[in-house]
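Residues per chain, in single letters:
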Amino acid sequence: MSKPVSSRINSQSGEVIDRTKPINFTWNGQPLTAYEGDTIVSALMASGVQVISRSFKYHRPRGVLSASYVDPNCSVTVSDEPNVRGAHRRLREGDDVRAQNAWPSLKLDVRAVNQLVGRFLGPGFYYKTFIKPQFLWPSYQKVLSRFAPGGSPPAPGGGHGNFDKRYTHPDVLVAGAGPAGIAAAIEAARAGVKVMLVEEEYEIGGHLRYGGPEALAALAALRAEVNSYHNIEVLTDSVVTGRYDDNWVAVVQRSGVWSHERLIKARVGTLVVAPGLIERPYVFAGNDLPGVMLSTAAMRLLELHAVRPGTRAVILTANTSGDEAVERLRSAGVEIALVIDARTGVTLRRAIGRGRLKAVECADGTKIPADLLITATGWTAPTSLLNMAGDRPIWDPVAARFFPSELIPPSVMATGGIVGDGTIDQLIKHGRAVGAEAAARATGATPTPVPPLTREAHPALFHGPTTGFLDFSEDVKSKDIMAAVKEGYDSAELAKRFTTSGMGTSQGKLENVNAMAILAEATGRDLESTGTTIWRPPYAPISLGALAGRAFDPVRISPMQPWHVEHGAVPLIAGQWIRPEHYGDPSAEAQNVRTHVGIIDVTPLGKIDLQGPDVVKLLNLVYTNNWDNLQIGSVRYGVMCAEDGVVMDDGVTARLGTNHYLMTTTSSGAATVWETLEMWLQTSHPDWSVNVTPVTTAMASINIAGPNSRELLGRLTDIDLSPEAFGYMKVRTGSIAGVPDCVVWRIGFTGELSYEIHVPASFGLHVWETLLSVGADLGVSPFGVEAQRILRLEKGHLIVGQDTDGLTKAYEAGLGPLVKLGKDDFSGLPELRWQESLAGAHSQLVAIETTDPQLVPPEASQLVVGMAEIVGRITSSRMSPTLKRSIALARVSGELSVPGSRLTIVLPNGSRAEAVVRENLSFIDPEGVRLHG
Amino acid sequence: MANHHPITWSDPVARSPISMPGTYVVVDGWEQCDLTSNAAMTLADESHRTKVVLRATPNHSVREWLPPLRSSRYSGEILQVGSGPAEWYLIGAEPPELMVEGLPIEGGEGFASWVDVTHGRALMRVTGVDTDSMLSKLCAVNLAEGTTPNSAAFRTSIAGVTTDVIRDDQDGLRSYLLHCERSSGQYLFEALLDAGTEFGCELGRRVATSSPVADSN
Amino acid sequence: MILIDCPYCGPRNSTEFRHAGEAGKKRDVTTNDPAVWRRYLYQQDNPLGWVRENWFHTAGCRQFLCAERNTQTNEFRWVAPAGSPGPDGASDNGSAR
Ligand SMILES: [Zn+2]
């Protein structure tokens, strides 16, 4: 190929390039230069590059079509960022720009053979291929991924800077800063409300930017007015991607100073939709050849970037935009070979060329040599945001485009080309009226309708006498729609799914109306009754980075967590909590508790302070057991069930004073229990006086467990720990290691003599370190959650959520003795009353021993009888360091829960093992000698 | 029972849930960071302040002494905050017993009670003209003057943590006190600092000057 | 995202709340008929249009609220503390749950 020739022309009055600032970049490795303000594509065009990409399916060479964000042919890779909209993105110094979908090169693309195997990738391919048979999917996937569209994702860790998030509450948000949108923003601001003006392009102005001297003068005046209002926030290179319930509007700010991309979540008073119009391509043979483009594309290249899009042009025009393009091209030195006025009913037959436009064949067969073919055959109203607000646009056959219906809620308004036509002054006038009304509505005024813009007649033009490309980004041809109809996919939504028209990078903005028109013809209907597909969010693509953005991912730690980290704790992530799973050897940690004394940080344990004369009533309502006679200084274990009888939580509650109790919950259940208490008090018993205060993290909680625990704690506290003064299930308050106001109770989750201490959290680290320093001679060492799990399993204590699940009723967890059906009321009573009458029929929690003492079956292993009948599953399973054998808890069906029952365990590798049900849940110390010592 | 062991331990030191780079000194039994800054935006840890939560039934007379829901005011040195329909926070420097001393909690109709949550809440202060913009990166509540003027109080989700926010301007400069349950304190603090980087946020207490903004270092 | 105008906190995003079921269901704890109890537990009217329901303001005032919402449009026309008489003044006879 010949060396590209520069197509940069003389300075244009509206140009956005800065000729004093050259920019160096590379295109597929080849060094090129352009100017600051150039888009990637204008820079390439200026350097004579015409083929920007290869198409998605057939790998056909493609050039500029719309020269705007939605241009389906201009996706490129910049450095390692794929799918950059090259007709939108401004060039930066040193950009490494590469073509996509081209292998091994843009000029010689092996995958262009797809053009020969069109049958394989014909219409409905995806639709039909993935229906069945499912087993073939992986093979299809392998084939398809080699031909997949788009660029490659960036390498892990590559990153694209800072993705941010922000909330805002503008009274009026204007989507689109053309003349009407700018005017709406100005007038809303004049009313004194907070305004956000969002523009997809890098500058405000819309079509005024490339509309000639009169438009530029109008724009300058509007700009000055915008700048005079401090209450207008202007966001350029930003796009409104969606409108949701109650005017929740998503905006993606692309080139913020601070962040690479920022997702803005706006709660808007009145949303003004002013996106303007998108020029619609025309369907004919050869319409995807580089050199065939829209009139607005030509004007953008000429006026904004001073790039001449060709040297000899044919123009097919049906409107003023096409007529203007003729004049602009002519004055830019482009030879006008032919102007076809489509308003007279004349059209063209096809574009001719191989890889590049060479000639245009007229309806009469004449072939006009040309390297540029401009079409100006109509407009598409991008009604997405209105659709999202509930609107169902209506086709106007006179104006030949869709218009909003009456279904728009009063909090959403529209102005500009999307609602009508007019001169610049008329558009601005309408925008101003809408802006004033939007501000009034945002401040609570009764909605008043704004007089509409007029509509101009426009011929309905969709395609010529030949077939061509309909959807450039998905490589869908007009004849594919006919094929879809033949196969019965004859409604708008079905045809779209069948052909994938509108599913590519332009998302229907360029092709949808043509697709519907062709569908209407093929089915013999008119466009009004064919309708259109419903546009859903997002309006424009959003990067995953922007969606992920600033992650709100809270982390909770205890006051002792820094100590744990320093001492080699392996972290356990439990919900938001980070806790020590163990400090290296959980088995040794567990053994040390049995032989000496261990301390564990149990701060995440839920703790709720309850005060008031009616606390006992509340306890009786939420727990299954009885709380009438709990004495001051005592603690009691309780089980909570949901209203369906399923075990919800468990824990101990202490009575600290006449009207003062301290409840504990499981770590994971703390929030649910708190809410449950509030629910009962607020909705069923508002007359009860109970003040509920969560104090989980106000106290650092440490469990001191083991035969030496009394000796260890006794060295630090003024509380009398003698067994006579402080028995099992009692609570005392006092000072520990010089810290006053500590709560201590004697309970035994581990099965050992143990004290759980709750100290004011700021002193947690002090008490923890003091326990370790004064107890060295007693063999004190820390233990983690894993050792605690082993210890409680040896003792046969269940964990709610581990040994129970979302269906386990109290009786099935062996908690029957704690359910007091004689009480007047408690959560789950009617269900549990019925469950009790089924005694023996439901499954039971049992302890089991494997025949092979060294085999530790994985948790959740199924238990079966015979070959396949499932009779239960293992809920907890560990190697016991105390007994030197495997121990487990399991849920089994009622008849197999009797001691001595033999069970078969199915292991993950398919093999089976035998186990027997034990007499007692406790593997060690079933009599509780250690616990009560 | 441990008489044969000479058991000693160091004096108790209270530690904030928030740690930051800087030198720590013990003041009144609390470890405190000595960082100061008068930057355009500053973030400081105030977790050592006493915090008391008080609740009262609708018919209880203590309600008349306390600010209504969603507002705050100073009673002497104590910041009183109406944080829920039947819930108040008292924030100050005195021990908790002294903070509630003047309030008629006992007796009368209904029931009222208080709990010292000094150790259960992480408390931080962020100050500067752009603090509303900074918080808007983490918080969906409208922070405009009309909805949350000075002394407004509200509870909402900040960076995913349920947080009590009190607009408490300092010498005419926009300032917010934020407190959340203790275990999320470090996370929230870091989230605020990160969101504030864009606005030049620095760590440390502000030092009183005639013009805090102008004297920023 | 739905905006719920909490009577205590003002307008807040629905993510701050938890939907707490349809309001006005009768909880008869004396029943011995499992079918009656399960109807109370599991069966919802789920109408198309206006429904009275409970919401819990998890991240705000932590109050249970009663609201009337249109299930078709997600419009709220009334939000009040749990157990409040309805907007028409008619008292909801059942428990507010
Ligand atoms: Zn609320």
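Residues numbered from 1 in each chain as written. Chains lettered and ligands numbered in written order. Predicted model: local features only at pLDDT ≥ 70, side-chain atom pairs only at ≥ 80, totals over all residues. Heavy atoms only, no water.

1. Comments concerning the sheet that holds strand β4 (residues 50-56) of chain B
Residue and element names in this part refer to chain B. Let me state the cut-off plainly: Any two strands with at least two DSSP bridges between them are considered paired. Secondary structure elements are taken from DSSP: a helix is a run of H or I of four residues or more, a strand is a run of E of two residues or more, and numbering for both begins at the N terminus. Comment: axis = line fitted to C-alpha atoms, over the contacting stretch for helices; angle = value between 0 and 180 degrees taken between N-to-C directions.
In space, the five strands of this open sheet follow the order β5-β6-β7-β4-β8, with antiparallel pairing throughout. Two strands in the sheet have a free side with no partner beyond their single neighbour: β5 (72-75) and β8 (112-116). The average undirected angle you get between the axes of adjacent strands in this sheet is 25°. Sheet topology note: the β5/strand β6 (residues 78-84) ladder contains four bridges and is antiparallel. By the bridge assignment, Arg73 is partnered in β6 with Gln80.

2. Quick look at the coordination of the zinc ion
Residue and element names in this part refer to chain C. Condition: Here the coordinating atoms are restricted to nitrogen, oxygen and sulfur within 2.8 Å of the metal centre, or 3.2 Å for Na, K and Ca, and because water is not among them the sites may look incomplete. Irregular is the default label, applied whenever a site is not tetrahedral (four donors, all angles between 85 and 135 degrees) and neither square planar nor octahedral (four or six donors, opposite donors over 155 degrees apart, all other angles between 65 and 115). Classification of residues uses two cut-offs on accessible area relative to the type maximum, computed with a 1.4 Å probe and protein chains only: under 20% is buried, over 50% is exposed, and between them is partly exposed.
Here the zinc ion is held by the protein donor atoms Cys6 (SG), Cys9 (SG), His57 (ND1) and Cys61 (SG), which lie 2.0 to 2.4 Å from it. Of note is the zinc ion, whose four donor atoms meet at the metal with angles of 106 to 115° in an arrangement that counts as tetrahedral. When the donor residues of the zinc ion are listed from N- to C-terminus, their spacing reads C-x2-C-x47-H-x3-C. The buried category is assigned to Cys6, whose relative accessible area is 2%.

3. A closer look at the nonpolar core
Residue and element names in this part refer to chain A. Rules: Residues belong to a common nonpolar core when they are buried Ala, Val, Leu, Ile, Met, Phe, Trp, Tyr or Cys residues joined through side-chain atoms within 4.5 Å. We call two residues in contact whenever any of their non-hydrogen atoms come within 4.5 Å of each other.
Formed by 86 residues in total, the largest nonpolar core has its most connected members in Val64, Leu173, Met293 and Leu329. Residues within four places of Met293 in sequence aside, it is in contact with Met45, Val64, Leu65, Ala298, Leu301, Pro309, Leu372, Leu373, Ile374 and Thr375. Formed by 35 residues, the second largest nonpolar core is a distinct cluster that contains Val597, Leu716, Leu721 and Cys742.

4. Description of unusual backbone geometry
Residue and element names in this part refer to chain A. Of note, the amide linkage connecting Pro537 to Pro538 takes the cis form, showing an omega dihedral of -5°. Relative to the elements of secondary structure, Pro538 occurs in the loop between α13 (527-530) and α14 (544-548). Backbone geometry places Ala737, a non-glycine residue, at a positive phi of 50°. Relative to the elements of secondary structure, Ala737 occurs in the loop between β39 (731-736) and β40 (739-746). With a phi close to 80°, Ala860 is a non-glycine residue in the positive phi region. Its place among the elements puts Ala860 in the loop between β43 (844-850) and β44 (862-865). Note on Ala860: relative accessible area 48%, which makes it partly exposed.

5. Overview of the environment of Arg52 of chain C
Of note, Arg52 of chain C is situated in strand β4 (residues 50-56). Between the C-alpha atoms of Arg52 of chain C and Thr30 of chain C, which are 22 residues apart in sequence, the distance is 25 Å.

6. Let's talk about the domain arrangement of chain B
Residues and elements named next belong to chain B. Using the following cut-off: Start and end positions for the domains come from either an automated domain assignment or a database one. A quick way to say it: buried area is the sum, across both parts, of accessible area lost when two parts are put together, with a 1.4 Å probe. When a carboxyl oxygen of Asp or Glu lies within 4 Å of a side-chain nitrogen of Lys or Arg, that pair is called a salt bridge. Between N or O atoms, a polar contact is any pair within 3.5 Å; within protein, one atom must be a potential hydrogen donor and the other a potential acceptor, and residues adjacent in sequence are included only when both atoms are from side chains.
Partitioning chain B into structural domains gives domain 1 (22-48 + 120-206) and domain 2 (50-118). When each unit is reduced to the centre of its C-alpha atoms, the spacing between domain 1 and domain 2 is 22 Å. Summed over both partners, the interface of domain 1 with domain 2 comes to about 1,200 Å²; 53% of that surface belongs to carbon and sulfur atoms. Together, Arg121, Ala153 and Arg155 form the three largest contributors to the area buried by domain 1 at its contact with domain 2, with a combined 33%. Inspection of the domain 1/domain 2 interface yields one salt bridge. When the shortest N-O distance is used, the salt bridge between Arg155 and Glu87 registers 2.6 Å. At the boundary of domain 1 with domain 2, the tally comes to nine residue pairs in polar contact (both at pLDDT 80 or more).

7. What to know about the pairing of strand β35 (residues 647-657) of chain A
Residue and element names in this part refer to chain A. For β35, a buried count of nine out of eleven residues is recorded, marking the element as mostly surrounded by other parts of the structure. With seven bridges joining them, strand β34 (residues 635-641) and β35 adopt antiparallel strand pairing. Its bridge partner lying in β35, Arg636 is registered against Thr653. Linkage of β34 to β35, two consecutive antiparallel strands, is achieved through a turn of five residues, within which Gly645 is found at a positive phi near 85°. Two elements, β35 and strand β36 (residues 660-665), share four bridges in a ladder whose sense is antiparallel. By the bridge assignment for β36, Ala654 is matched with Leu662. Where β35 folds back onto β36 in an antiparallel hairpin, the turn is made up of two residues.

8. Points about the side chain of Ser175 of chain B
Residues and elements named next belong to chain B. Within the element layout of this structure, Ser175 appears in strand β12 (residues 175-181). Given a relative accessible area of 0%, Ser175 falls into the buried group. Among the polar contacts made by the side chain of Ser175, one reaches the side chain of Arg125 at a distance of 2.9 Å. From its side chain, Ser175 meets the backbone oxygen of Val126 in a polar contact 3.3 Å long.

9. What about the packing of aromatic side chains?
Our working rule: Only rings of Phe, Tyr and Trp enter the pairing, Trp through its six-membered ring, and a pair is recorded when the two centres are within 6.5 Å. The plane angle decides the type: under 30 degrees is stacked, over 60 is edge-to-face, the rest tilted.
By the definition in use, this model includes 14 aromatic pairs over all chains. Judged by centre distance (6.1 Å) and plane angle (45°), the rings of Trp395 of chain A and Phe462 of chain A are tilted. Taken together, the residues span a long stretch of sequence, with Trp395 of chain A in strand β25 (residues 394-396) and Phe462 of chain A in the loop between α9 (424-442) and β28 (469-471) at a distance of 67 residues. For Trp395 of chain A, a relative accessible area of 7% corresponds to the buried category. A relative accessible area of 10% places Phe462 of chain A in the buried class. An angle of 85° between the planes, with centres 6.4 Å apart, marks the rings of Phe17 of chain C and Trp55 of chain C as edge-to-face. Separated by 38 residues along the polypeptide, Phe17 of chain C in the loop between β2 (10-13) and β3 (18-22) and Trp55 of chain C in strand β4 bring together distant segments of the chain.

10. Here's the deal with the interface of chain B and chain C
Listed per partner, the contact involves ten residues of chain B and eleven residues of chain C. Around 800 Å² of area is buried between chain B and chain C when both sides are counted, 51% of it from carbon and sulfur atoms. Looking at the side of chain B facing chain C, the largest losses of area belong to Arg70, Pro85 and Arg155 of chain B, adding up to 52% of the total buried there. Counting across the chain B and chain C interface gives zero salt bridges. In terms of residue count, the dominant contributor to the side of chain B that touches chain C is strand β10 (residues 153-158) of chain B (four residues).

11. As for the packing of helix α4 (residues 179-190) of chain A against α9 of chain A
Between two packed helices, the angle of one axis relative to the other and the distance separating the axes together describe the packing. All names here are of chain A. This is how it is decided: Any angle that falls under 35 degrees is termed roughly parallel, while one over 145 is termed roughly antiparallel, one within 65 to 115 roughly perpendicular, and all others oblique. In a left-handed crossing the near helix is turned counterclockwise from the far helix by less than a right angle, and in a right-handed crossing that turn is clockwise. Put simply, Ala, Val, Leu, Ile, Met, Phe, Trp, Tyr, Cys and Pro go in the nonpolar bin, Asp, Glu, Lys and Arg in the charged bin, and everything else, Gly too, in the polar bin.
Running from N to C, α4 and α9 cross one another at 40°; their axes reach a closest spacing of 7 Å. Taken together, the axes of α4 and α9 are oblique relative to one another. Crossing hand, α4 versus α9: right-handed. Here Pro179, Ala180, Ala183, Ala184, Ile186, Glu187, Ala188 and Arg190 of α4 come into contact with α9, specifically with Leu427, Ile428, Gly431, Arg432, Gly435, Ala436 and Ala439. Split by residue class, the contact of α4 with α9 holds ten nonpolar, two polar and three charged.

12. Brief notes about the side chain of Ser321 of chain A
Residue and element names in this part refer to chain A. Topologically, Ser321 is positioned in helix α7 (residues 320-331). Among the polar contacts made by the side chain of Ser321, one reaches the side chain of Ser295 at a distance of 2.8 Å. Setting aside its immediate chain neighbours within four residues, Ser321 contacts Glu279, Ser295, Thr296, Met299 and Trp379.

13. Some remarks on the environment of Glu261 of chain A
All names here are of chain A. Among the structural elements, Glu261 can be located in strand β14 (residues 261-267). Separated by 286 residues in the primary sequence, Glu261 and Leu547 place their C-alpha atoms 9.5 Å from one another. Apart from the residues lying within four places of it in its own chain, the contact partners of Glu261 are Asn162, Phe163, Asp164, Val252, Gln253, Arg254, Ser543 and Ala546. At 2.7 Å, the side chain of Glu261 forms a polar contact with the side chain of Ser543.

14. A closer look at the packing of helix α10 (residues 478-486) of chain A against helix α12 (residues 512-523) of chain A
All names here are of chain A. Here α10 crosses α12 at 45°, and the two axes come no closer than 9 Å. Classified by the angle between their axes, α10 and α12 sit oblique to one another. The chirality of how α10 crosses α12 is right-handed. For the pair α10 and α12, the contacting residues are Ser478, Ile481, Met482 and Val485 in the first and Ala515, Ile518, Leu519, Ala522 and Thr523 in the second. Split by residue class, the contact of α10 with α12 holds seven nonpolar, two polar and no charged.

15. Re the environment of Ala400 of chain A
Residue and element names in this part refer to chain A. Along the chain, the position of Ala400 falls in the loop between β25 and β26 (401-403). Along the primary structure Ala400 and Val513 are separated by 113 residues, whereas in three dimensions their C-alpha atoms are 9.8 Å apart. The contact partners of Ala400, leaving out residues within four places of it in the chain, are Arg280, Trp379, Trp395, His458, Pro459 and Ala460.

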